[in-house]
Amino acid sequence: MIGFKKYFFFILVLFAFACQRQKETRTIPVDDFFKSQNKVGYRLSPDGKNLSYLKLKGADRNIYIEDLKTGEGKSITQFKGMNIVFYCWVSDNELIYYKEVDAGSNRSDMYIIDKEGENERQLVKNEKSRLKIVDDQLIDDKYLLVSSNKRDSTVFDVYRLNVRNGAMEMAAKNPGNIIDWRTDAEGKLRLAMSSDGVNTTILYRATENQPFKSVLTSNFKDTFRPIAFSHSQPNIIYAISDINRDKTALVEVDCNTGKEVKNLFCNDTLNITEAQYSRKKQKISFVVYETWKKEKYFLDDSVRQVYANLDKLLPKTEARIFDKDEAENVFILRTFTDKNPGSYYLYFANTSKVRKLSDFNSSIREEEMCEMKHVSYQSRDGLLIHGYLTLPLNEKAENLPVVVLPHDGPVERNLWGYNPEVQFLANRGYAVLQINYRGSSGYGKTFVAAGFKQWGGKIQDDIDDGVKWLVDNKIADPKRIGIYGTGFGGYIALNSLYLHPDKYVCAASNAGVINLFTYLKSIPPYQKPILQMYYEIIGNPLTDIDKMRQVSPLFQTDKINSPVLLAQNIKDPNNNSSETMQFVKNLKKRNVSVTYIENQGDIYAGKNEALRHKFYTTLDEFLEFNLKRK
C-alpha cells in the first residue's frame with residue numbers, strides 16, 4: 001500500500017512537470033515568421049478554365065498555368081532569377097507580364113504570351129518612363145488601355161496599346177493636371193481626376209468622342225472614390241464619398257449635374273473602405289466597413305449566400321475573395337485569423353466546394369501564436385484612440401516588457417489579422433502595442449485631419465498616451481519599453497527618443513524618414529500636382545522650416561541618448577544615404593549606442609530572404625539586450 005502511494009505521488013509529480021512543460025513557449029526561429037511564399041499571385045483566366053500563379057523554384061520565379069479540368073500544369077516562362085514583377089490575364093488565352101530590367105530600378109518591360117507559353121513577344125520597352133495598365137480587358141481583341149509618362153515625365157497620358165504589333169496610339173492627352181483615369185464596364189475611358197494639389201475635380205464624358213467636362217470638385221481632405229458606372233443609367237456612377245459628412249458612404253452621383261442622387265449605404269459611426277461591383281450582375285455586391293475588424297454589408301443576397309457557404313466550409317476564419325472568373329462561378333480566396341496567416345483556396349460556387357491551393361506560411365502553428373485584442377483609451381485632449389494589444393503566450397498581463405509598433409503611413413491604419421512582426425515579437429516575450437493614432441484612416445475625415453501637421457506633435461502624444469495607459473494598468477514594466485517601426489513608423493520611433501526620452505529605453509527604425517525636407521524633395525515628378533497636399537499634411541519647407549527641423553531626427557541627434565537600431569535601404573528615394581551616415585556618425589560621437597544595417601534593397605521583397613534574416617536577427621538581439629536585461 002505504501003509502495004502504491006509513492007508510485008501515485010511520483011505519477012502526479014511527472015504529470016505536473018509535463019503540464020508545466022506544455023505551458024513553456026517555444027522560441028520559434030526568426031526565419032519561420034518571414035518565409036517567402038513558393039506560390040504567389042494566383043489569378044483565374046476570364047473563362048475560369050485556367051489557374052495561373054508565380055512559382056518560386058530554387059532562385060527562379062516564373063508564371064505557371066494549370067488546367068482546372070485536367071489538373072495539368074506547366075511553366076510558361078523560363079527566367080532565371082525573380083524578374084517578373086507583375087502579370088495579368090487580358091483574354092481567355094493571353095497574359096501580359098512586366099519583366100524587371102534592373103533590380104531596384106523601377107524599370108520594367110512589358111511582354112505578352114499565350115497560356116501555352118508560345119507566341120511571346122515584347123510590347124513595350126521602358127527606358128526612362130513608367131507604364132501602368134488602366135484596364136486589363138482587351139478591346140476589339142487587340143487594344144489595351146495603358147497610361148505612360150513617356151511624353152512628359154511629370155504626367156501620364158493614356159494610350160491604346162495594340163498587343164498584336166506593339167503600336168501605341170494616344171487615346172487621351174494629359175493637359176498637365178490629371179492624376180488618374182477611369183473606364184466603364186466596356187473599357188471606354190470616361191472619367192478622369194485632376195488636381196491642383198489641394199482640390200480634386202472629377203471630369204466626365206458620355207462617350208469617348210466628347211471632351212471631358214468638370215462634374216464636381218472636392219478638397220483633398222474629402223474622399224470621393226468612383227467605383228463603377230451604372231449599367232442601366234450610363235450617367236450615374238457609384239462612389240465612396242464623405243463629401244458633406246464625416247464618415248464615408250456608398251452613393252450614386254449623377255455625372256450630368258455632379259449631385260448625389262441616392263445613398264446606398266451610410267452610417268454615422270461606420271467608415272466604408274471598399275465596394276465590390278459585379279460586372280456580370282451589373283450591380284454592387286457589398287460594401288466593406290471598418291470597426292476593429294473589417295465587416296461586410298451585403299446589397300446582393302446571392303453574394304451573401306456565397307459568404308455564408310464559405311463560413312460553413314471554412315469555419316472560424318476570415319475569408320477574402322481575391323479574384324473570380326467572368327461567370328462568377330470560380331473564386332480565389334484567402335483565409336486568415338489573428339493567429340493564422342491562412343491559406344489560399346479555390347471555391348466553386350456551382351458545387352459549393354473548396355480546393356486548397358497552398359498555405360501562406362506552413363511553418364506557423366496556430367496554437368503557438370498570440371491573440372490580438374482590440375483596446376481603446378482617451379488621449380490627453382479627449383480624443384478616443386483605438387489600437388491592438390497582443391500579449392505573449394502563457395504570460396500574465398503584468399509588468400511585461402513592451403514593444404510599441406507604430407504603423408507606416410501616416411494615412412493608413414492597423415487592422416485585426418495575422419501580422420508576422422507582431423507574432424515574432426510576442427513570441428519573444430514582449431507585449432506588442434499597435435496604435436491607430438490621429439491621422440489614421442478608418443475613423444472618419446475629422447480624425448484623419450486631426451493628424452495634419454502633427455508629425456512629432458499630437459501624433460506622438462497619442463502614442464505616448466497609449467504607453468501611459470499600459471503603465472497605469474500595470475501591464476507594462478515602465479523600465480522596459482521600446483519602440484520600433486518601418487517607414488513613417490520608423491520616423492515616429494526615432495522621434496520618441498528625443499521628444500519623450502523618459503518613456504523609451506530604445507528605438508529601432510527600418511527605412512524611417514530622418515529628414516522631412518529630403519522626404520519632400522524625393523516626391524517624383526509625376527506626383528508634383530499633389531505636392532501642395534503634402535505641404536498641408538506634413539508642412540511647407542519654406543514657411544514651416546523651424547517646426548520641420550524640430551521634428552526631423554537628423555537635426556536632433558544632440559538630444560538622443562538611448563540605444564538606436566537603424567536599418568536603411570541605400571536605394572530608398574525617401575532618404576539620402578549621406579544624411580543617414582551623418583546621423584549615425586553624430587550619434588556615435590556622443591557615445592550613443594548605434595546598430596546600423598545598410599541594405600541594398602527592400603527587406604520585404606520576396607527575393608530578399610537573406611536581408612530579412614539579417615534584419616530580424618539583429619532586431620531580436622537589440623531588443624533582448626535593451627529590454628530584457630535589467
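For clarity, every value in this text was computed on a predicted model and none was experimentally measured.

**Q** Even after reading the chapter, I still don't get the overall build of the chain, so can you show me in this structure?
**A** The secondary structure content of the chain amounts to 12 helices and 35 strands. Here the C-alpha radius of gyration of the chain, 26 Å, is about what a compact globule of 630 residues would show, namely 25 Å. Its C-alpha atoms put the chain at 90 × 70 × 50 Å along the principal axes. The buried share of the chain, taken over its 630 residues, is 53%. Put simply, 51% of the contacts in the chain that link residues at least 6 apart link residues at least 24 apart.

**Q** Before we go on, may I ask you to explain the environment of Ser578 in this structure?
**A** For Ser578, the location among the structural elements is in helix α11 (residues 577-589). C-alpha of Ser578 to C-alpha of Phe212: the two residues are 366 residues apart in sequence and 46 Å apart in space. A distance of 2.3 Å separates a polar atom in the side chain of Ser578 from a polar atom in the side chain of Asn576.

**Q** Teacher, can you tell me more about the pairing of strand β20 (residues 259-265) here?
**A** Looking down a regular strand, the side chains alternate between one sheet face and the other. Of the strand pairs in this sheet, strand β19 (residues 249-254) and β20 are connected by 5 bridges, and their pairing is antiparallel. The residue bridging Val251 from the neighbouring strand is Asn263, located in β20.

**Q** Quick question: what am I supposed to make of the nonpolar core here?
**A** Val404 and Trp455 are the most contacted members of the largest nonpolar core, which has 59 residues in total. For this core, the leading source of residues is helix α7 (residues 488-499), giving 7 residues. Other than its neighbours up to four places away in sequence, Val404 contacts Leu433, Ile435, Ile463, Val467, Ile481, Gly482, Ile483, Tyr484 and Tyr504. By size, the runner-up hydrophobic cluster in this structure holds 26 residues, among which are Met369, Val403, Leu405 and Leu623.

**Q** What is the right way to read helix α3 (residues 301-313) from this model?
**A** Note: α-helices contain 3.6 residues per turn, so residues at a spacing of three or four share the same orientation. Compared with an ideal rise of 1.5 Å per residue, which puts 13 residues at 18 Å, α3 spans 18 Å between its outermost C-alpha atoms and is within 8% of the ideal. Looking at the buried positions of α3, the neighbouring elements they touch are β22 (283-290), β23 (294-298), β24 (318-324), β25 (330-336), β26 (343-348) and β27 (353-359).

**Q** Is there a simple way to think about the pairing of strand β8 (residues 121-124) in this case?
**A** Note: strand β7 (residues 108-114) against β8, 3 bridges, orientation antiparallel. Across the sheet, residue Ile112 finds its bridge partner in β8, namely Arg121. Hairpin remark: β7 followed by β8, antiparallel, with 6 residues in the connecting loop; positive phi at Gly117, about 85°.

**Q** Mind showing me how you'd approach the pattern of salt bridges here?
**A** Pairing is possible between side chains that carry opposite charge, provided their charged atoms lie close to one another. On inspection of all chains with the given rule, the structure shows 33 salt bridges. Notably, a salt bridge pairs Asp301 with Arg304, separated by 3.4 Å at the nearest N-O pair. Of the two residues, Asp301 and Arg304 both sit in helix α3, 3 residues apart, roughly one turn of that helix. For Asp301, a relative accessible area of 58% translates into the label exposed. When the shortest N-O distance is used, the salt bridge between Glu318 and Arg320 registers 3.5 Å. On the accessibility criterion, Glu318 (17% relative accessible area) is buried.

**Q** How do you make sense of unusual backbone geometry when you look at a structure like this?
**A** Keep in mind that most residues, glycine aside, have a negative phi and that most peptide bonds are trans. Along the chain, Gly409 connects to Pro410 via a cis peptide bond; the corresponding omega equals 10°. Counting through the fold element by element, Pro410 comes out in the loop between β30 (400-404) and α4 (420-427). Positive phi values are uncommon outside glycine, yet Asp141 reaches one of about 60°. Its location among the elements puts Asp141 in the loop between β9 (131-139) and β10 (143-148). For Glu328, which is not a glycine, the phi torsion comes out positive at approximately 55°.

**Q** How do you make sense of the packing of α4 against helix α12 (residues 609-628) when you look at a structure like this?
**A** Relative orientation and spacing of two packed helices are given, respectively, by the angle between their axes and the distance between those axes. Contact geometry for α4 and α12: axes closest at 11 Å, N-to-C directions at 40°. As far as their axial angle goes, α12 and α4 are oblique. Judged by the twist between their axes, the crossing of α4 over α12 is right-handed. For the pair α4 and α12, contact is made by Glu421, Phe424 and Leu425 and by Tyr616, Leu619, Asp620 and Leu623, respectively. A breakdown of the residues in the contact of α4 with α12 according to their chemical character gives 5 nonpolar, no polar and 2 charged.

Conventions used here
Residues numbered from 1 in each chain as written. Predicted model: local features only at pLDDT ≥ 70, side-chain atom pairs only at ≥ 80, totals over all residues. Heavy atoms only, no water. Helix = DSSP H or I, 4+ residues; strand = E, 2+ residues; numbered from the N terminus. Rg over C-alpha atoms; globule rule 2.2 N^0.38 Å. Buried < 20%, exposed > 50% of the residue type's maximum accessible area, 1.4 Å probe, protein only. Contact = heavy atoms within 4.5 Å. Polar contact = N/O pair within 3.5 Å; in protein donor to acceptor, adjacent residues only side chain to side chain. Pairing = 2+ DSSP bridges. Core = buried A, V, L, I, M, F, W, Y, C linked by side-chain atoms within 4.5 Å. Expected span 1.5 Å × (residues − 1). Salt bridge = Lys/Arg side-chain N within 4 Å of Asp/Glu carboxyl O. Axes fitted to C-alpha atoms, helices over the stretch in contact; angles between N-to-C directions. Parallel < 35°, antiparallel > 145°, perpendicular 65-115°, else oblique. Left-handed = near helix turned anticlockwise from the far one by under 90°. Nonpolar A, V, L, I, M, F, W, Y, C, P; charged D, E, K, R; others polar.

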